[in-house]
Amino acid sequence: MKAVCWMGTEKMTVENVPDPKILNPRDAIVRITSTCICGSDLHLYNGFMPTMEQGDIMGHEFMGEVVEIGAGVDREKLKVGDRVVVPFTIACGRCFFCQQQLWSCCDNSNPNYWIAEKIMGYSPSGLFGYTHMLGGYAGGQAQYARVPFADVGPLKVPAGMPDEQAVFLSDIFPTGYMGAENCNIQPGDTVAIWGCGPVGQFAIRSAFILGAERVIAIDRFDYRLQQAQEAGAEIINYEEVDDVVQLLKDMTGNIGPDSCMDAVGMEAHYSGPMWAIDKTKQVLRMQPDRPGVLREAIMACRKGGTVSVPGVYGGFIDKMPMGAYVNKSLTMKTGQTHMMRYMKPLLELIEGGKIDPSFVISHRVPIDKAPEMYKVFRDKQDHCTKVVLDPWANGAAAA
Amino acid sequence: MSEAARIHLRNAQGRHHRRAAAFRWSALVTGGALALIGLSKRSKSGVALAAAGGLLSYAGAKAGAQPRELIARSSILLNCTPNEAYQFWSKFENLPLFMRHLESVTLTGETRSRWTAIGPLGRRVTWDAEIAFDREADVIAWRSLPDSEIYVDGIVKFRNAPANRGTIITAVVVYQPPAGTLGAALAKVLGKDPSFMMRQDLRRLKALIEAGEIPTVEGQSHGPRSSVAAAARLLNPDDPIKGEGNLTDIAQARRRAS
């Protein structure tokens, strides 16, 4: 089958690899019909997440048809022929954490638990196509994928719903929604959201659904800010203002936003001396993450407010404004998305016409074009917001 | 045998076959090869690899030094009752399902059993053990019989976890490796500290009991691997030297690179 492989920093290739096999009783094999490039894949593309290996198959946002199931899969929950969207987190469904609905903290799905344990104390769940530290599972930017614990994660998609509406239930819609839920929004609240990529876009819409009165969206790309504005957000292009924190204070009567969300993560762009220091440290591998947005979110948040972090961080940060965090009585809520909590309710929102997730798609291309699309997406060329790959289209066909 | 059990067994056996194939590689050869690969890389990881290879060769040359006692100690929470955990563990035939170094345990009497382990470099070790102490749903202890090639004393306790979260099991195993083998030295060099190995075993037990299977990515599809990755996998502390499979990988990857 065709699969997008990580062959080194900024080196993606489409390789012909063997089709996946059932390796464990609760596995299923899915024939993929739609798969996407996620913003978090760019951290791998740029080489900033440790424990990638040459030859790893990328991708964690995919859906398709079940073509084979293992002997241990609960037939009542999944059978061959089902059309499913697959969550990016892998969960056993039976451990303490799964039973607490903390699905992305599953204890039993990461075969390389000990690597993550060394960096984080304990390991989160395994993820598709996202480093060996998080399981080393082959990803879904391919024609087929092996899905472990297939009777827990995959969600059946109603027959009438097109792929482009359902596929974002695999990650970014639930991730944006959980980011908004983690903001602890009370009716009438003001929420500031850094990052208007796909997760930010879903977070903006989710914040309104959860009762926010004002959402202030921060980015540097006008085409993304425009999408935020269309959803009802006020916008700040941070490259056009001197001081985002001061502007947020001015916009809120010096109170500050009730919640601040970092939907950017470890590769934030900002300016000033801290930018130079962080960037240098990251290149020298002294600090894996560039935490400019997180610092700003903590500084901007009102006293007693909530900082929500759906953005990805991989390791350690410097100059965390802990004094501001403590003295302002802030709460921080984070986590890889507990997918299985959100997929079904959000599917119902889509079915009910409350939201059509396909608005984020900017590019639909055959899988053969994936390597170049990583660059386009990374460099925000051609107004790129979200790339959906067709694993079966002929690469020579039109983009 | 159920389909699920067959798959577990196959997965467990796959590891053992590969390890057995490693028998013909001595620590000197492997260490020397690693050092060569490492030196040829001219990078930071290459230097690390060369150093590891050098250490391995050194350990090989030093084999025969004094044996020492290895103590493995770890605990884990299982979401079952102490009795369920006890019932699973006290059938010693189950242990190879989650203890990677064990090839088999067979009952040879009411309280006696024969254990076969695969040690460093694929060397098989067999010993007989007897149950030393046994209290249902509470504790079980075993020890190897006198004149065994390797002395192993083990005890595992099963305790109710607070807040009805299940059972905390605590296991301690003391190994007295035979004199003159590479065992202890290699274990040390490869970072296979006994408590780490025990923790990994208990984690596999937890997955087996809770999820019904042990998570794995062994045997899945991937694109072309590099020689560095293949060599690094030889040093994976959770997966001791496997032998020709990976060395072929290295050769292939190098051919592709050249």
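Parameters at a glance
- Residues numbered from 1 in each chain as written.
- Chains lettered and ligands numbered in written order.
- Predicted model: local features only at pLDDT ≥ 70, side-chain atom pairs only at ≥ 80, totals over all residues.
- Contact = placed C-beta atoms within 7 Å.
- Helix = DSSP H or I, 4+ residues; strand = E, 2+ residues; numbered from the N terminus.
- Nonpolar A, V, L, I, M, F, W, Y, C, P; charged D, E, K, R; others polar.
- Buried ≥ 20, exposed ≤ 12 C-beta atoms within 10 Å, placed from the backbone.
- Core = buried A, V, L, I, M, F, W, Y, C linked by C-beta atoms within 7 Å.
- Domains from an automatic or database assignment.

Observations concerning the interface of chain A and chain B
Next, step 1: The interface is formed by 39 residues belonging to chain A together with 26 residues belonging to chain B.
Next, step 2: Among the elements of the structure, β1 (2-6), β4 (56-57) and α3 (113-120) of chain A are those that each provide at least two residues to the side of chain A that touches chain B.
Next, step 3: For the side of chain A that touches chain B, the per-class residue count stands at 20 nonpolar, 10 polar and 9 charged.

Quick look at unusual backbone geometry
All names here are of chain A.
Next, step 1: The residue E10 is not glycine, and still its phi comes out positive at about 60 degrees.
Next, step 2: Mapped onto the elements of the fold, E10 is located in the loop between β1 and β2 (12-16).
Next, step 3: Classification of E10 by C-beta neighbours within 10 Å gives partly exposed; the count is 13.
Next, step 4: One non-glycine residue with positive phi stands out, namely Q101, at about 65 degrees.
Next, step 5: With respect to the helices, strands and loops of the structure, Q101 is situated in the loop between α2 (96-99) and α3.

Remarks on the nonpolar core
Next, step 1: Membership of the largest hydrophobic core comes to 128 residues, with the highest contact counts inside it found for V4, V30, I193 and A217 of chain A.
Next, step 2: Counting residues per element, this core draws most heavily on helix α12 (residues 339-351) of chain A, at 7 residues.
Next, step 3: For V30 of chain A, the contacting residues outside a window of four places in its chain are G64, E65, V66, V67, V84, V86, Y144, A145 and V147 of chain A.
Next, step 4: Of all hydrophobic cores here, the second largest spans 25 residues; its members include I76, W142, I169 and V173 of chain B.

Describing the domain arrangement of chain A
By convention, interface size is frequently given as the accessible area that disappears when the constituent parts associate.
Residues and elements named next belong to chain A.
Next, step 1: The assigned domain composition of chain A is domain 1 (2-171 + 337-390) and domain 2 (176-334).
Next, step 2: Computed over C-alpha atoms only, the centres of domain 1 and domain 2 are separated by 26 Å.
Next, step 3: Counting from both sides, the interface comprises 18 residues of domain 1 and, opposite them, 17 residues of domain 2.
Next, step 4: Elements with a contribution of two residues or more to the side of domain 1 that touches domain 2: α1 (39-45) and α12.
Next, step 5: Looking at the side of domain 1 that touches domain 2, its residues break down into 8 nonpolar, 8 polar and 2 charged.

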